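These are the residues of each chain, in order.
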Amino acid sequence: MYYFIVNKTSGNGKGANVWSKVQKLLEAKGVEYQVLFTDGTENDRKLVESSIHLECTALVVIGGDGTIHGVANALAYKNVPLGIIPAGSGNDFARSLQISKDHEEALNRILTGKVKTMDLGRVGQEFFITIAGIGFDGKVAKVTNESKMKKLLNKMSLGSLSYIYSLIKVLFTYQPTTATIKIDERIHRFSEVWMISVANLPFYGGGIKICPDARADDGLLDICILHGVNRWELLMVFPRAFSGSHITHKNVTMLKGKDIFITPEKDLVIQCDGEIVAHHPIALTVEKGALHIL
């Protein structure tokens with residue numbers, strides 16, 4: 001039995017449209033399934049907990065990274081594989097794992113693919129699948145989630161541009177800080193820190209390749225620190241992150257590690273997979289092989 005968790009509102013209604021097509025395919029193929037609908041809130045985790053039992057072959061999300069984030073938190077260290085049919089505005093998790101945007105191809109991958117394990121990142125008790133963004137990009141994610149522009153751009157099938165819109169909006173008010181970062185007992189100190197991105201997978205923000213070498217099967221988290229630039233330099237550097245070429249800039253430091261402890265001089269906004277989380281002190285770690293994935 002395949003259990004589908006569908007966020008009909010994801011991608012400004014794309015989730016509902018994708019589900020209607022997937023449902024027809026399931027019935028044509030004679031696949032046994034149950035469907036549960038979510039609004040993308042804490043209900044995701046409760047729905048998963050009610051669906052995990054012996055006859056659950058896999059749990060499939062039709063939605064965006066926010067919905068996947070909630071479901072993955074409930075599935076961590078459970079012996080139930082996760083399948084993804086992308087229907088969000090950014091779809092960075094699907095992009096990182098090369099899951100097709102075509103609903104039929106994504107479904108076939110789920111029905112015929114082999115189960116693998118992947119790492120998860122963790123901030124406190126919150127797991128993340130792609131990126132934990134701390135500082136500037138955390139604030140950008142917060143503004144994006146609250147923005148009416150995101151809904152408008154989703155209607156125009158330009159959802160990934162909502163992140164860029166919010167980035168420019170935050171740019172002129174954000175104040176960088178000094179931070180100490182302890183990585184596996186090594187201590188690094190940075191001044192004028194704009195953002196610290198801790199990555200389990202390469203992409204976030206609708207295709208921004210913030211940590212090009214990040215892999216979810218190496219037992220490590222990749223860390224990108226942007227520091228020591230003014231606003232205009234940041235505006236020049238950031239577009240390079242779409243190709244991953246920003247990592248060669250002199251004010252971008254790339255590191256790797258298993259356990260990361262960040263001590264900033266002021267409180268910073270933290271986002272995990274685009275969802276705002278509150279956790280101080282800021283402690284992150286990698287959870288090796290914590291999630292089963294199709």
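Because the structure is a prediction, the values reported are computed rather than measured. (Residues numbered from 1 in each chain as written. Predicted model: local features only at pLDDT ≥ 70, side-chain atom pairs only at ≥ 80, totals over all residues. Heavy atoms only, no water.)

Overview of the packing of aromatic side chains
Link 1 in the chain: All chains considered together, the criterion is met by seven aromatic pairs.
Link 2 in the chain: With a centroid separation of 5.6 Å and an interplanar angle of 80°, the aromatic rings of F136 and W194 are classed as edge-to-face. Taken as a pair, F136 in helix α6 (residues 136-146) and W194 in strand β9 (residues 186-199) lie far apart in primary sequence, 58 residues in all. Per residue, the accessibility class of F136 equals that of W194, and both read buried.
Link 3 in the chain: Here a set of aromatic residues connected by ring pairs shows up, and it is made of F4, W19 and Y33.
Link 4 in the chain: Residue placement shows R95 over the ring face of F203; its charged tip is 5.8 Å from the ring centre.
Link 5 in the chain: Positioned over the ring face of Y174 is K266, at 5.2 Å from the centre of the ring. (Phe/Tyr/Trp six-rings, centres within 6.5 Å; stacked < 30°, edge-to-face > 60°. Helix = DSSP H or I, 4+ residues; strand = E, 2+ residues; numbered from the N terminus. Buried < 20%, exposed > 50% of the residue type's maximum accessible area, 1.4 Å probe, protein only. Lys NZ or Arg CZ within 6 Å of the ring centre and 35° of its normal.)

A short note on the nonpolar core
Link 1 in the chain: Within the largest apolar cluster, 48 residues are counted, with the highest numbers of intra-cluster contacts made by F136, I196, V198 and L284.
Link 2 in the chain: Ranked by residues supplied to this core, first place goes to β9 with seven residues.
Link 3 in the chain: What I196 contacts, discounting residues up to four positions off in sequence, is A132, G133, I134, D137, A179, I181, I223, C224, I225 and I262.
Link 4 in the chain: Counting 46 residues, the second-largest nonpolar core is a separate cluster that includes I5, A74, I84 and A106. (Core = buried A, V, L, I, M, F, W, Y, C linked by side-chain atoms within 4.5 Å. Contact = heavy atoms within 4.5 Å.)

A few points about the environment of Y2
Link 1 in the chain: With respect to the helices, strands and loops of the structure, Y2 is situated in strand β1 (residues 2-7).
Link 2 in the chain: In the structure, Y2 is positioned 285 residues away from E287 in sequence and 26 Å away in space, judged by C-alpha atoms.

Some details on unusual backbone geometry
Link 1 in the chain: In the Ramachandran plot, N91 falls in the positive-phi region, its phi being about 55° despite a non-glycine side chain.
Link 2 in the chain: Take N91: its relative accessible area is 8%, and that puts it in the buried class.
Link 3 in the chain: A positive phi angle, near 55°, is found at Q98, a position not held by glycine.

Some thoughts on the pattern of salt bridges
Link 1 in the chain: Scanning the entire structure with this criterion turns up six salt bridges.
Link 2 in the chain: A salt bridge links R95 to D92; its shortest N-O distance comes to 2.7 Å. Of this pair, R95 and D92 both sit in helix α4 (residues 92-96), three residues apart, roughly one helical turn.
Link 3 in the chain: Judged by its relative accessible area of 3%, D92 falls in the buried class.
Link 4 in the chain: Between K288 and D119 there is a salt bridge, and its shortest N-O distance comes to 4.0 Å. (Salt bridge = Lys/Arg side-chain N within 4 Å of Asp/Glu carboxyl O.)

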